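If you want the building blocks of each chain, they are given just below.
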Amino acid sequence: MSIKPEDLQKTKRPLFAVVYDKLYKLIMDGTFPPDSRLPTEPELAKLFGVSRMTLRNALSRLQEDGLVKNIHGKGNFITKFHHNKNMIGLEKLGNPLYKCFSGKIDHVELHFRIELISDYAKQVLNRNMTAVVAIDRWYKRNEQAVAYAFTIMAIEAVSELNLDLQDEQQLLDMIDNKVYELANSATIELKRSDSIPSLKYQILNEEDCDLIVESVYISDKYPVVYNKYYIPKESSQITINAAK
């Protein structure tokens, strides 16, 4: 499978681009299936007959394209979404964490508290209110917290959404799912964070995170909830399907 000199002469492309094309084809035809671990860099460099530097250039572009993710200390893995051309991105209403977290989530733990109104809450919720509901969510896999979300909403939204705060499962179902069915729009900002403000749990691989800041609107006047989703970089795959 090594690259022949005549291949490079025919294409007149950088050698790393030729390696990229060959790896891309192997990924797409299932030779390296989703969630599988690629051979080590020395093994791949030998397989293609190129230097480690050339191979790393090709791998970095596959990572940029969302086909490969590097897990520190473990190696390079094929993402599981590369084959899904119809994947719903952030342009559609829906919980952005489930769209952008590339791993499996098998449990969500929720805690909430009632807080006094702060200047921050006034700014992001932009409405008259008497108190604020602050909600922490830890997204878990195998009992390990792998992502975190912080939500605030006016206490008045509890009655507007017909919520019973004594029923935590109902509250979770509303802010995780149903609020998006009720909403008519949302605004999203994509940011970076070097830490996750989760006090209860250590988030797996929390350094260097993607931060999705979201305001969800049912009324055009003010957001019903304001969310901050923290996704560790190695588990983050953000997609926006743009079209005319």
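This write-up is about the structure you can find in this document. (Residues numbered from 1 in each chain as written. Predicted model: local features only at pLDDT ≥ 70, side-chain atom pairs only at ≥ 80, totals over all residues. Heavy atoms only, no water.)

### Section: the pattern of salt bridges
Rules: Should a side-chain nitrogen of Lys or Arg be within 4 Å of a carboxyl oxygen of Asp or Glu, the pair is scored as a salt bridge. Helix and strand assignments follow DSSP, with helices taken as H or I runs no shorter than four residues and strands as E runs no shorter than two, numbered in order from the N terminus. To sort residues, take the accessible area from a 1.4 Å probe on protein chains only and compare it with the maximum for the residue type: under 20% means buried, over 50% means exposed, and anything in between is partly exposed.
Summed over the entire model, instances satisfying the criterion amount to 14 salt bridges. The partner of Arg 137 in a salt bridge is Asp 176, and the shortest N-O contact between them spans 2.6 Å. With Arg 137 in strand β4 (residues 132-141) and Asp 176 in helix α8 (residues 168-182), the pair connects residues that are 39 residues apart, well separated along the chain. Like Arg 137, the residue Asp 176 is buried in the burial classification. Between Glu 189 and Lys 191 there is a salt bridge; the shortest N-O distance is 3.9 Å. A relative accessible area of 43% places Glu 189 in the partly exposed class. What makes Lys 191 partly exposed here is its relative accessible area of 39%. Ionic contacts of the salt-bridge type, sharing partners, join the residues Arg 192, Asp 208, Asp 210 and Lys 233 into one network.

### Some remarks on the sheet that holds strand β6 (residues 185-193)
We count it as follows: Think of it this way: DSSP has to see at least two bridges between two strands before they count as a pair. To obtain an axis, a line is fitted to C-alpha atoms, over the contacting stretch when the element is a helix, and the angle between two such axes runs from 0 to 180 degrees between their N-to-C directions. Whether two residues are in contact is decided by their heavy atoms: any pair within 4.5 Å suffices.
One open sheet holds the 6 strands; their spatial order is β3-β4-β5-β8-β7-β6, and the pairing between them is antiparallel. Edge positions in the open sheet fall to β3 (107-115) and β6, since each of these has one partner strand only. The sheet shows a mean angle of 15° between the axes of neighbouring strands, direction not considered. Of the strands in this sheet, β3, β4, β5 (144-154), β7 (209-217) and β8 (225-232) touch α8, which is tilted by about 100° from β3.

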